[in-house]
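What the coordinates show
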Amino acid sequence: MSESDGPTRENSINSRTCNNTTQEHHTTFQSFTQTILGQRISSALGSFRERKNKQGEHVTLSGVGGLRVGSKGQLEVDKSIWDLTKGVQVEEHYVSPFQRVWEAVSQDCKTVARTVRRDPLVAIIPFMLLLLLLGGGLWAVFASAAKETAHRREVAQQVVHDKGLFLQTELAKAFLPAYVCSVYVRRDPSWPAVNASFAPMAMEMIRTSNAGSVLTLSLIPNGIIYTMVPLAGTGPKDDANWRAIGKDWLQDNFNQDKVLQSISTRNLTIIGPYNLTQGGIGLVAMLTINIVGAGPNATFDVPPMNYSKLPWTNSNRIQYGPNVTNTPFGPYMYDEKNHSKWWGLTTVLISWDILREEVTRLEELENNGYNYVLARPVAKKELTKANRTDLLNGTHMLAVAWSDSVQGVAPNVTNNGVSPRTPGKARPLTYYDLHTRLVDPVSIVIVVEGAQLELYVSLTGGWTPNWKKPMVAVTVVLSLLLSVLLFLVLVNRRQHMRLLHAMIPKKVVSTLRRGKIFTESFEVVTVLFSDIVAYTTMSAQMAPIEVVQMLDELYQEFDNLAEKHRLYKLDTIGDAIMLVGGAPDTEGAAAAAARVAQMGLDMILVTSTKVLAGGHVVKIRVGIHSGPAVAAVVGRKAPKYTLFGDTVNTASRMESNGSPMRIHISKVTADLLEQAGGFNIEPRGEIPIKGKGLMSTFWVTGTQVCEKGPCPRRDAVDISHLTSPPAAATKIPENVEGENTATHHASTLGPSSISTAVPGSGAGAVIGHYHAPSLPSPSIGRSRVSSCMPSNLNHMVLSPSLDGHEGGANLQASNTIASRDFMSTMRGTPVGLGCSGSIGTSQDIQGTSANVPIPSPSAFGTTTATTTAAYAQPDPASQPTSTTIATTASPSAAVEPEEQTPAPPPPASFGVATAVGASASAAHRNGSHLNTRAPPELPK
């Protein structure tokens, strides 16, 4: 049995051979639709009702083709409709929220990393901003802190200076009695006169001294203490000051330097603070007394010092005049230049404890937030006497006053045996170099009558402002935050711009941003169309997720190839892909055509070796045409860069009239490829093209090595071995669905047989001696009855309806009871069936179809993708009748069918067509030419 070459060729069968099986087929078909489909629908709807009880669970369904994630209630419907009907084994895996969050974060990090690798400026700009913000912010913080530090030091220096002047003034007031005594002696140097009135005068000066800080006043003629005020009792037992009577300052080796300083300079000299013999800590103000006009031998009536009367001295010696033996004081006893005689000394003993606590007001520094240390230089002999030989090297300071925060003192500590007025405020002279504990202190040297004191002051919290570290932290955090925000904004913008540029060319985006309409004309572009062979039939046998994974995997390969060949992908419609060379960036016509052809060859090579998800291997068909076109972006919602012009339609016709795993090109493209050179082109001949008539077309079978020209190639490619093309002048029926034009396989069956056809676009079935031709399947605009079943179930399309209402032809009653019963049964079937019959004159009926879901082929135990059944029961007395069932595939895009010239129909026929994966009608091909005359009634 030969295949039909076009829609006008028809064959007939003897109606008598089918008369005995019509009723049997009618009963089988009706039972099938009511039983098998009902069970499938009930199973799916029953699972849907149980969804509410499982809404709270989140699962991942894994089966053939990958994973599907969603709420368990949602997946239960998907599972019931797809997996149960297709026999996919499903496993449930619990996915914790933490795992979902972790996967989302990981995926986001990978996306960001890819964006940074593609555009390093996304990371460089935020990094430069981070450096700028850190540099500027930290500079501002450190500059402000340094300014504040300098200001604080300046304030502290002023405070120290003021405190130094205050101490100098107050100490000078404490030493004033020494000058009074000196004047008092010089007025009448005679010892009897001086001694007679000294006590009352001294007591008055002590009473009026600064805060009572003056402890004693002493007269020291010839360098020996003769009298001291106040002095109670008759000996040391009554008053400890008695032990000072008889002390010879000229023989005091420990304080010899101070005495020499006083005698030589004739100025007030301060000794101390130091530990007093009688206890406590004090200062000694010493002033020398010289009598002008006295002779070198003047004695001033000072009696000799008889030490035998002073038992605490343990000496019986009697001293006459000054004892300058082994001392440097001899030259200073008489000044011949000024004719003055050295009389002796006067001393004022001042309590350092009282001065420190009552006069110096050093606690004000501590109250103002400062730490302080008041110290004096310490001589090596003092260190030796104090057994601090470890400090003999270098210069050291002995602390005489300090704040509690520098060095704490226990409450039971005394000042050389004298308890302080306030417990815990004792300041014993035992701490050396205490000022080194202060952090970068400011200091001032206080010199009072030759005595040197140094005041060290530092801020309690340090000179550095307390807000410096927090501000540094804030600056760093804000800089990082702003940089990270900018980084995320740039990454987000780059991702959006990359996505936008993937949909719309860059030069178009700027035009659209200004609110203008973009249009651009091209003299020559080369357009490529490609689709998958038998995609609809294949997708009908797969779960939607498998289809998505398969297409995504294939499209990613094609996208990589498009990027490799610098082509622009215009659109994807289901399994069809459309690319263009020479636009949106204009280039030479031959170069664009060469790159597009090379792209087609690579697509076929990739497809021939690629095993997609689920183990699927597909074939594609490629069509290429070159010519003028206009590019534009029309509309405001979901704008799309699109080519307009006849070039696009012709390229589509090249693809739909092509052959699997072949590249079908027009003559214009073939000429451009000849100019480019290096391509293997075979002529196909002239074939009829819808809207074009006869066109000379060609096959591209490969390339040769071509190192020169607009599109150099280093490797030769040959795809001629992948498939065998049809005869050169034979027209392959156009696949108006964007699908394949499959090779037709048919079986000639006996009167009671059910014929099956291999799935594919335009596949036909054979009943008896009549072959249903393979025709284009137009998209049907109206449907009288439609079912709302999942798209993966097979659909049976019957056209036109015979009930005489809208969507059908007004037909008269059938000439057989079997046909009437069959038609009435189909009209009464809830799922919506329609039958068609014709007798005599042909009439074309457009746009009528009904979709009827049928189970998968596994229900019949066959391995074919689509089951096709034929029913006919001709009457021997009537004209010949025929029954045809044809399989079609749903188009991925609406394309006009080819115009066909109707041929005389057979005497009687009715057609039943099966559509896989979409609502498309094939009855227009197999039973649309109907006669409105009533056929003769068949005998019962």
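Residues numbered from 1 in each chain as written. Predicted model: local features only at pLDDT ≥ 70, side-chain atom pairs only at ≥ 80, totals over all residues. Heavy atoms only, no water.

Spelled out, the test is: UniProt positions are given in the numbering used here, feature names are shortened, and annotations may be inferred rather than shown by experiment.
Under an unreviewed UniProt entry, the name given to the chain is Guanylate cyclase domain-containing protein, and the organism recorded is Volvox africanus. In the Subcellular location (unreviewed entry) part of its UniProt record, the chain is described as follows: "Membrane".

1. Considerations on the packing of helix α4 (residues 121–174) against helix α11 (residues 468–503)
This is how it is decided: Fitted lines through C-alpha atoms give the axes, limited to the stretch in contact for helices. The angle between two N-to-C directions lies from 0 to 180 degrees. Secondary structure elements are defined from DSSP: runs of H or I of at least 4 residues count as helices, runs of E of at least 2 residues count as strands, and each element is numbered from the N terminus. Oblique is the label for any angle not covered by the other classes, which are roughly parallel (under 35 degrees), roughly antiparallel (over 145) and roughly perpendicular (65 to 115). Each crossing is labelled by how the near helix is turned from the far one, with a counterclockwise turn of less than a right angle marking it left-handed and a clockwise turn marking it right-handed. For this classification, Asp, Glu, Lys and Arg are treated as charged, while Ala, Val, Leu, Ile, Met, Phe, Trp, Tyr, Cys and Pro are nonpolar and the rest, including Gly, are polar.
Contact geometry for α4 and α11: axes closest at 9 Å, N-to-C directions at 160°. Between α4 and α11, the crossing angle belongs to the class labelled roughly antiparallel. In this structure, α4 meets α11 at a crossing whose hand is right-handed. Taken together, the residues of the contact of α4 with α11 sort by class into 21 nonpolar, four polar and two charged.

2. Details of the nonpolar core
Note the following rule: Only buried Ala, Val, Leu, Ile, Met, Phe, Trp, Tyr and Cys residues count toward a nonpolar core, and they belong to the same one when joined by side-chain atoms within 4.5 Å. Type-normalised accessible area, obtained with a 1.4 Å probe on protein chains alone, sets the label of each residue: buried when under 20%, exposed when over 50%, and partly exposed for intermediate values. We call two residues contacting when some pair of their heavy atoms lies within 4.5 Å.
Judged by nonpolar contacts, the single largest core of 85 residues is most densely connected at Phe175, Phe198, Leu217, Trp352, Leu374 and Leu455. Looking at which element gives the most residues to this core, the answer is strand β7 (residues 281–292), with eight residues. Every residue in contact with Phe175, bar those within four places of it in the chain, is listed here: Leu268, Ile270, Leu283, Ala285, Ile350 and Val448. Counting residues in hydrophobic clusters, the runner-up holds 44 residues, among them Tyr555, Ile663, Phe679 and Ile719.

3. Quick notes on the sheet that holds strand β14 (residues 442–448)
Stated formally: Any two strands with at least two DSSP-identified bridges between them are counted as paired.
Taken together, the four strands give an open sheet; going across it, the order is β13-β12-β15-β14, and neighbouring strands pair in antiparallel fashion. The open sheet has two free edges, formed respectively by β13 (397–402) and β14, since each of these has just one partner strand. For this sheet the average axis-to-axis angle between neighbouring strands, irrespective of direction, equals 30°. With seven bridges connecting them, β14 and strand β15 (residues 451–459) associate as antiparallel partners. Bridge assignment links Ile446 to a residue of β15, and that residue is Leu453.

4. Digging into the side chain of Ser483
Put simply, the rule reads: N or O atoms within 3.5 Å of each other form a polar contact, as long as, within protein, one can give a hydrogen and the other can take it, and as long as residues adjacent in sequence are counted only when both atoms are side-chain atoms.
Among the structural elements, Ser483 can be located in helix α11. A residue is classified by how much of its surface remains accessible, and Ser483, at 5% relative accessible area, is buried. Among the polar contacts made by the side chain of Ser483, one reaches the main-chain carbonyl oxygen of Ser479 at a distance of 2.7 Å. The contact partners of Ser483, leaving out residues within four places of it in the chain, are Pro126, Leu129, Leu130 and Leu133.

5. A look at the environment of Gly295
Topologically, Gly295 is positioned in the loop between β7 and β8 (305–306). Taking relative accessible area as the criterion, Gly295 reaches 29% and is therefore assigned partly exposed. The residues contacting Gly295, other than those within four sequence positions of it, are Tyr334 and Lys341.

6. A word on a nonpolar patch on the surface
Put simply, the rule reads: Patches were defined on residues exceeding 30% relative accessible area and lacking a salt bridge, with like-charge contacts within 9 Å and nonpolar side-chain contacts (Val, Leu, Ile, Met, Phe, Trp, Tyr) within 5 Å. Shrake-Rupley sampling with a 1.4 Å probe provides the accessible areas, and residues are treated as covered by the protein chains on show and by no other component. We define a salt bridge as a contact between a side-chain nitrogen of Lys or Arg and a carboxyl oxygen of Asp or Glu at a distance within 4 Å.
There is a patch of nonpolar side chains on the surface, built from Trp467, Met471, Val474, Leu478, Leu481, Leu482, Val484, Leu485 and Leu488 and spanning about 760 Å² of accessible area. Classification of Met471 by relative accessible area gives partly exposed; the value is 36%.

7. Here we look at the pattern of salt bridges
Enumeration over the complete set of coordinates arrives at 28 salt bridges. Note that Glu148 is salt-bridged to Arg152, the shortest N-O span being 3.2 Å. Here the residue Glu148 and the residue Arg152 both occupy positions in helix α4, the gap between them amounting to four residues, near one helical turn. A salt bridge links Asp646 to Lys692; the nearest nitrogen and oxygen atoms lie 2.0 Å apart. With Asp646 in helix α16 (residues 646–656) and Lys692 in the loop between β22 (679–689) and β23 (693–703), this residue pair connects regions lying 46 residues apart in the sequence.

8. Side note on the pairing of strand β21 (residues 663–666)
Every second residue of β21 is oriented toward a common face, with Ile663 and Ile665 on one face and His664 and Ser666 on the other, all of them buried. Pairing between strand β19 (residues 620–634) and β21: three bridges, direction parallel. When the bridges of β21 are listed, Gly623 appears paired with His664. Where β21 lies against β23, four bridges are found, and the strand directions are antiparallel. In the strand pairing of β23, Ile665 is matched with Phe698.

9. Re the packing of aromatic side chains
The condition that has to hold: Aromatic rings from Phe, Tyr and Trp, with only the six-membered ring used for Trp, were paired whenever their centres fell within 6.5 Å, and each pair was classed as stacked if the ring planes differed by under 30 degrees, edge-to-face if by over 60, and tilted otherwise. Two conditions define a charge sitting above a ring: the NZ of Lys or the CZ of Arg must be within 6 Å of the ring centre, and it must be within 35 degrees of the ring normal.
This structure, assessed with the given rule, holds five aromatic pairs. With a centroid separation of 6.2 Å and 45° between ring planes, the pair formed by Phe518 and Tyr641 is classed as tilted. Taken together, the residues span a long stretch of sequence, with Phe518 in strand β16 (residues 518–532) and Tyr641 in strand β20 (residues 640–644) at a distance of 123 residues. Using a relative accessible area of 1% as the deciding quantity, one classes Tyr641 as buried. Between Tyr568 and Tyr641 the ring centres are 5.4 Å apart and the planes differ by 85°, which places this aromatic pair in the edge-to-face class. Separated by 73 residues along the polypeptide, Tyr568 in strand β17 (residues 568–573) and Tyr641 in strand β20 bring together distant segments of the chain. Three or more aromatic residues joined by ring pairs form one cluster here, namely Phe518, Tyr568 and Tyr641. The residue whose ring lies beneath Lys381 is Phe254, and the NZ or CZ to ring-centre distance is 5.2 Å.

10. Considerations on unusual backbone geometry
Gly272 connects to Pro273 through a cis peptide bond whose omega is 0°. With respect to the secondary-structure elements, Pro273 resides in strand β6 (residues 269–275). A positive phi angle is found at Asp433, which is not glycine, with a value near 55°. As for its position among the elements, Asp433 is in the loop between β13 and β14. Positive phi values are uncommon outside glycine, yet Met661 reaches one of about 55°. Take Met661: it is sitting in the loop between α16 and β21.

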